[in-house]
Amino acid sequence: MNPTFRVSLLAGLALSLAVASGCTVRPLMATPDVTSSGVASSPAMSSIAIAPVDTRYGQQVRNHLIFLLNGGSGQPASARYALDLKITRSSSAAARVQVRTDNEPTASLLTMTAVYKLTDGETGKVVATGKREISSAYDVPRQEFAALRAARNAEDRAARELAEQLRLALGQDLARAGAGS
């Protein structure tokens, strides 16, 4: 090999390693502290206390959201923020079958909506408000228990997805408000 070619190759390799070492890659859903880049984080998100709700599906959303915000450790002991959730659900027929036979289900669509208000516990100032909605389709078989179970499973799926959307929305709201900086 030509000595100048070898030196050029080594210099190019060293330069590419130097450039690559300056690059940083983070997972999309990473939760570092709120920084100047405006990414919401674990300390800010884990200081949110969620008010109790009064329905089963609302409790499902609340439980999943508490888990997502605090990594399974429950509500924070001294929360900086208070989150008020109003969760509603509706179900509508997505498809109607004119003549039902024994094995022919009908499709339904469950829509779950959350309206939230995030308040700073120290100042009482409203940090953010918003609304998120998720839909979950399910089949309604003829058997009554199976139909109830299908609706319950659709509620649970929608609650998990709605909690994920709320977590993302709260992270964006906190980043926009400059929480933790």
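If you're wondering where the values come from, they're calculated on a predicted model, not measured in any experiment.

Colleague: For the overall build of the protein, give the residues involved together with the corresponding values.
Modeller: From N to C terminus, the protein includes four helices and four strands. Secondary structure elements of the protein occur, N-terminal to C-terminal, as α-α-β-α-β-β-β-α. The burial tally for the protein puts 32% of its 181 residues in the buried class. About 11100 Å² of surface is accessible on the protein, with carbon and sulfur atoms providing 55% of the total.

Colleague: Please set out the environment of Q60 residue by residue, giving values where relevant.
Modeller: Structurally, Q60 can be placed in helix α3 (residues 56-70). Q60 sits in the partly exposed class, given a relative accessible area of 22%. Considering only alpha carbons, one finds Q60 and R160, 100 residues apart in sequence, at a separation of 7.5 Å. Not counting the four nearest positions on each side in its chain, Q60 is found in contact with D156 and A159.

Conventions used here
- Residues numbered from 1 in each chain as written.
- Predicted model: local features only at pLDDT ≥ 70, side-chain atom pairs only at ≥ 80, totals over all residues.
- Heavy atoms only, no water.
- Helix = DSSP H or I, 4+ residues; strand = E, 2+ residues; numbered from the N terminus.
- Buried < 20%, exposed > 50% of the residue type's maximum accessible area, 1.4 Å probe, protein only.
- Areas by Shrake-Rupley, 256 points an atom, 1.4 Å probe, with all protein chains shown as cover.
- Contact = heavy atoms within 4.5 Å.

Treat this as a map of the structure, not an account of what it does.
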